[in-house]
Amino acid sequence: MRPSEFPPPFDAREFVAAPSDPEDERVEVGVLIVGAGPAGLACAIRLGQLLEGAPELAARLGDVPVAVLEKGKQPGSHLLSGAVVNPRSLRTLFNGRVRTSEMPFYGRVEHESVYFLTRRRAHRIPAPPTMRNHGNLVASLSQLGRWLAEQAEAGGATILPETAATRLLVSDARVRGVRTGDKGRGRGGEKLANFEPGSDVLARVTVLAEGTQGHLTGVALDRFGLHGESPQVWALGVKEVWRVQKPLDRVIHTLGWPLRAGAKYREFGGSFVYPMGDDLVTLGMVVGLDYRDVELSVHDLLQELKTHRLLRGLLEGGERVAWGAKTIPEGGFLSLPRRLHAPGLLICGDGAGLVNVPALKGIHYAVESGRLAAEAAFAALQPGETPWRPGVLARYDESLRKSFVWDDLRRVRNMRPAFGRGLVLGGAAAGAMTATRGAVPPGSSSLEPDADQELISAGGAASYPAADGVLTFDKLSSVFLSGNKTRDDAPNHIRVRADVPPELARLWEHMCPAQVYEAVEGGVEVTASNCVQCGAITAKGGRLTPPEGGSGPEYTLT
Amino acid sequence: MKIAVCVKCVPDSSAQTRIDPETKRLDRSGEAALNPFDVNAVEEALRVREEAGETEVVVISLGPERALEPMRKALAMGADRLVLVADEAAAGSDLVATSRILAAVLERESPDLVLFGQQASDSDGAVLQAAVADRLQRPLISQVAELTREDRVVRGKRQTEYGYDVIEAPLPAVVAVSDAINEPRYPSLKGIMGAKSKPQETLSLGDLDVGSEEAGEAGSRTTVLALGAPPARGDTVKIEDDGSAPQKILEFLLEKKAV
Amino acid sequence: MKTLVFLEHNEGALQKDSLGVLSKAASLGGEVEAVLLGQGIEGLAAEAGKFGAGRVHVMDDVLLAAPLPQPRVDALETLVRESGFDTVLFAASVLSADVAAGLAARLDAGLNYDLTDLVVEGGELVGKRPALGDSVYVDAGWTSEPRLALVRSGTFEPSEIGGSTEVVTFESRLQDFSLAATMVEQAHEEAEGPSIEEADVIVAGGRGLGGPEGFAQVEELAKALGGAVAATRAVVDAGWYPYSAQVGQTGKTVSPKLYVAVGISGAIQHKVGMQSSALIVAINKDPNAPIFEYADFGVVGDLNEIVPKLTELVRQRKAA
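Residues numbered from 1 in each chain as written. Chains lettered and ligands numbered in written order. Predicted model: local features only at pLDDT ≥ 70, side-chain atom pairs only at ≥ 80, totals over all residues.

A short note on the overall build of chain A
1) Next: Helix and strand counts for chain A come out as 16 helices and 27 strands.
2) Next: Its C-alpha atoms give chain A a radius of gyration of 22 Å, within 12% of the compact-globule value 24 Å for 558 residues.
3) Next: Principal-axis analysis of the C-alpha atoms gives chain A an extent of 65 × 55 × 45 Å.
4) Next: Going through the 558 residues of chain A one by one, you find that 57% of them count as buried.
5) Next: Look at the contacts in chain A between residues 6 or more apart in sequence, and 78% of them connect residues 24 or more apart. (Helix = DSSP H or I, 4+ residues; strand = E, 2+ residues; numbered from the N terminus. Rg over C-alpha atoms; globule rule 2.2 N^0.38 Å. Buried ≥ 20, exposed ≤ 12 C-beta atoms within 10 Å, placed from the backbone. Contact = placed C-beta atoms within 7 Å.)

Some thoughts on helix α4 (residues 141-154) of chain A
Residue and element names in this part refer to chain A.
1) Next: Taking 1.5 Å per residue, 14 residues should reach 20 Å; α4 reaches 20 Å between its end C-alpha atoms and fits that length.
2) Next: Counting buried residues in α4 gives 10 out of 14 residues, a clear majority hidden from the surface.
3) Next: Listing the buried residues of α4 in full gives L141, S142, Q143, L144, G145, R146, W147, L148, A149 and A152.
4) Next: In this fold, the buried residues of α4 make contact with α1 (38-52), β4 (66-69), β9 (137-139), β10 (158-160) and α9 (363-380).
5) Next: Looking at the residues trailing α4, positive phi occurs at G156, about 105°. (Expected span 1.5 Å × (residues − 1).)

Considering the sheet that holds strand β5 (residues 84-85) of chain A
All names here are of chain A.
1) Next: Reading across from one edge, β5-β9-β6 is the order of the three strands in this open sheet, with antiparallel pairing throughout. Edge positions in the sheet fall to β5 and β6 (105-108), since each has one partner strand and no second.
2) Next: Two strands pair when backbone bridges link them, and β6 and β9 are joined in this way by two bridges, in the antiparallel orientation. When the sheet's bridge partners are listed, F105 is paired in β9 with A139. (Pairing = 2+ DSSP bridges.)

Concerning the environment of S93 of chain C
1) Next: Residue position: S93 of chain C is located in the loop between β6 (87-91) and α4 (94-107).
2) Next: For S93 of chain C, a count of 23 C-beta atoms within 10 Å corresponds to the buried category.
3) Next: Once the C-alpha coordinates of S93 of chain C and E47 of chain C are considered, the two residues, 46 residues apart in sequence, prove to be 21 Å apart.
4) Next: When residues no more than four places from it in sequence are discounted, the contact partners of S93 of chain C are E161 of chain B together with E8 and S153 of chain C.

What to know about the confidence of the model for chain C
1) Next: Looking at chain C, pLDDT values average 92 and 98% of them are 70 or higher.
2) Next: With a pTM of 0.91, the predicted complex shows an ipTM of 0.91. (pLDDT = per-residue confidence, 0-100.)

Examining the interface of chain A and chain B
1) Next: Listed by partner, the interface residues are 18 residues for chain A and 14 residues for chain B.
2) Next: Those elements that place two or more of their residues in the side of chain A that touches chain B are β10, β13 (183-185) and β14 (191-196) of chain A.
3) Next: Per-element accounting of the side of chain A that touches chain B gives the leading share, three residues, to β14 of chain A.
4) Next: Considered class by class, the residues forming the side of chain A that touches chain B number six nonpolar, eight polar and four charged. (Nonpolar A, V, L, I, M, F, W, Y, C, P; charged D, E, K, R; others polar.)

Remarks on the domain arrangement of chain A
Many analyses report the size of an interface as the accessible area lost when the parts associate.
1) Next: Split by domain assignment, chain A resolves into domain 1 (1-18 + 28-412 + 445-558) and domain 2 (414-444).
2) Next: In this structure, domain 1 of chain A and domain 2 of chain A have C-alpha centres spaced 25 Å apart. (Domains from an automatic or database assignment.)

In C-alpha cells form, the structure reads like this:
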C-alpha cells in the first residue's frame, strides 16, 4: 500500500483568491516577504540597503516599504537546522559593514570526522569531498534568525510576527499579495469570542521565503505551473541541543547504524554532532522520507543513536536543553521549479528547494537567493517599470542561474537518487559522481514522490530504547521542550483523511516526531496542537497548512 | 477618563528560565513577553473604554529597555500610550521598592482606574496591587472575574476560597483582574503596524523624584540569601493492587493527615 | 523575636491554615501573639491560645465585619507600632495577601511570600520558597524589621500546644480610603464544592477512565474527600469533561494539598500543572506510566475496582 493512494482533502485553489477587503481595511506595503528565515531576512536586509540609497523610491513605497510576515511567535521560533554555515553569502550580503565575528556564530570548524557506525563500533572513514567543512561556522539557525531580524529592522523593515500567510492573492493573472490567517477560531472552525479575521496585505512585489514545505510556495507552483521535471522529496531531521560536561572539539557526521543498509528499506540518511561553544552540543538524525518501514520513527532513531558508545560518553552528565524537528527538501537540482518567478512574485530559499544534499548545506543558498531577489525586486520597482509585466522579474532567475548556487546544485544533482539504491551501491555511485563532478553516473535517476513508496512492515521499532528520562526521551517530553504550547481548541490545520487503513495510520503515528497521529479504530486521530510544523506529513500522504499565527514551537537554540 | 494598566514583562515560559547564581536574581536575558494576567488587564481596560467612550488607556511598567518590545503588544491591542521606567538602579527591586516606583508614576499620571493582572507568572506573589493601592491611598478590589462600572463606581465580582464576593468601590480605584475575566483580543495587523507610532515614554528614577537609595536592592527590604535544589519529594511508594489498595491508600492519606 | 500571627476566620470558626502558622510560630520561639479582626469574634479568641498564642489581640468592630483587606491594614499598623512586633506572619489567602502587601507598603517592611517553610538559622528568621515552577529553592531573608511573611496555604498543620491566653481588645482609627470599598454581597460556601483553583483536594481523571461515564466515580470520590474534579487535556479534547476543569500546561496550574490522579499517565504537559501539589496519589493500570516517577503513593491496578471502594472507605471514615 502507498500513502499516495489516500490523498488528503486539499486543493490548492482553496488558497488562491482575489483581494476582498474593502479599501480602508487593506494593508498596503511596498515589498512583502513571507517568512523571517535566512532567505526572507536577507531579502529584507538587502532591500534596506538599496532603499537607503534611493529615498524617493522608498517614499513612493509608502509607510511600510518592506514588510516580513512570520508565522512563529518571533523570528527564530520556527527556525531549525544543524547547522554548519558557509559564511560567503553573509559576507556578500553585509558587504563589509558587519564582520562574521560580529554575527552569532559558535566558532569555526577546525576538525571534522566522519564515522560509519555499527551497533558497537565506530569506523572512521575519510570525509567525502562534498562534506568538508573547514572554514565554515557553527550556528544555531534560530539565533542567527533572531539576529538577522534585528539587522533587518535596523535597516527599516517591519517584521510582523505571529502572522501566518494563508492565501495567495491573485487577480489579473498577477500576484497582489497574501491574505493573513484568522485568529480566534475554535476546533470546528467556529468564531470564538476573540475572533480576529485575517487581512489582505497587498504589495507591489511578493517574495515567498517560507522554508521547507512552504504553504503558499506549493500553491504558487500549482497556480502558475512552475513545477520542475522531478517532484520534490524530503528528509526529516530531528535534533537536540545538550549542555555537556566536556567540550567537543570537532564536527562529526555519521552514516550507517541505526539506519539499515538494504535497498528494500530505502533508509537514506545519517547523523550530525556539532559543538556549540564550550558547553553545548547539538546532535541530530536526518532520514529521507522515502523510507518504507511503517515503524520507522526518526525521533526514536535519534534516541537509539544516543545509546551508541561514541555518543553516550559525549553526553554523560549532560542535560538536554532543546529539541526540534523539521523537514529538508532533498530533490536538489532535479526538483527545482522550472522558474522561480511569476508576475509580482519571487520564490527563495528552502521553499524553492535550494539545498545541497551531499554537503548538507542550504542556509548560504537561502541568503544568496534572498539577496538576489531583493535586487530583482528593486530593479522592478524603478520608475518606468512595473513588477508584474511578464518577464520583468525574470532577472531573478537569470542571476540565480549565473550564481554559485546553481553551479553547486548542478554538480551534485545525481547524488540523492543514487542513494535510493542502498548505501553500498549508492556510496559507490556517489563517489563516482563526486570524482566526475556529476557526470557519472549519467542523469535522470528520476525521483519518485515519497508518498509513492510502497510500505512494508519491517519491525524497525523493536530496537528503539525505552525513554529513561536522562539520556533518552519520549515524544511528549520532546514536544514540551520545543516550547510548543498551542491552545488545545485551535482548529485542526492538518489535512489528512481520517478513515485510512491501519497500516497508514501506524506509519503516521511512528513518523510524526510530535505524536500528532494516533492509530484508532477506523482510522487515525489527530492532536493538531502537538504539531511542531516539521512538514513530514505533507511528504507522506497528508498536507500541512499554516495554523494560527503564533502557535507551534518556540525554538531558541535549534 | 484615564485608565492606567500596570504590566510586567516576564521571561517567556518556554525559554529556559534560570536564576543567575551570582546575582541570585532571575536571569532575564532570555525572551520576554507580557505577563499573561496583565494581558487580561489590558483587555479589560480596552473593554471599559469601549463602553465608556472618551477614555485614554496608558500602559505602565518598570523594567529594562528590552521591555518596550513586549509592551508594544498592548499598544497593538489598542492601548494609546506607554510609559516605561527603565533605570539600572531599579534592578532587583522587591515589593517595597517596586510599589514605591509604580506609585510615583501613577501619581504623575493621576488615572481614574488602575488595573493590574492578579499575579505575575514568574514570581506568583499576587501582592503588588495591594501595596500600590496603599501608597496611592485608593480603594482596592482584587481577584476580579467580572468588572462593571456605573458612573464613578466600579463593581467587581471576585473569587475567594468561599465562593464569589461582590465588592464596590468609588473611582479613583485600583482593581486587579484574574484570568477568568475575559479572553484577550488578538491585535489586528493594522494594530500591530500602528503600535510603533504611538507615544512611548521612557523615564528614569530621577524623572520621578525617586532616589536610587529608594530603589533596587538599596530600596528593598527583603533579600535572597541562598539558592538551592528543591527538597526531594520524599520516597515514592508504588504498590500493586491485590485487593487491599483502597485500604492502603486510606491509611496513607490518614498518616499524612490529608483526610 | 516578637511575632504576631494574623488569624482568619469564616462563619464562626478560626481558619485552619492560620492556626497552622500560629503553631509553627510557637515552635520557633520568642513571644508569639495573635490578632483577630472582625465583628462578633471575641468568642473565638480563646481558641487561639490552644495553638500557641500567649496573647490574642482583638478588634471587634462593625467596620471590620466584611472580609476586606484595607481596614485590616490600618488596624495592624496600629497594633504593630504600639506593641513593637518584629515579625508578622500570615497564612496566604485571597484576603491575607492583600492585607500583608498593604501592610508592607504602609510600614516600609519586607514581605516574603509563598513560603513553604520558616526556620531560624544563625539566630535569624529565614523563609524557604520554591521558584521557577518548583525547579529551584530560595532562602529568603529580610533586611529590616518588622519582617512580614505569607506562608503558602496548607504548609503547616495546627497542633494544640495547650496553655492559657490573655485576650486584649484594641482600637484603631480606620482611614477614609480604607473604608471606601464596600462588600455588596459576600460569598458563601458553594453548593457544588470548591473550584479547582481554591480546592485543597483534587481528584483528576485521565484517559484510563475509558469514557465520559468514568467521571462519575471521580466525582463521587471528590465529593467524599470534599474536593474538586479536574481532567487532563486528552479527555477534555475528547469531550469527556469541560475545559474549565483542565489541569496542565494549556490548562490550569494547581497546588492542592492532595491530588489524586486516576487513569492519568502523567506526561510532562500534565505534570507542570500539578507538580507542586503537596501530596500526589496515582492509580493507573500501566506500571510504566510516567506519573509513578513523581507520585508520593502510586497504585498499579484497576481504577474501576479501586476508586469506588476507596470512596466508600473515606465516607465511612468521615462518618465515624
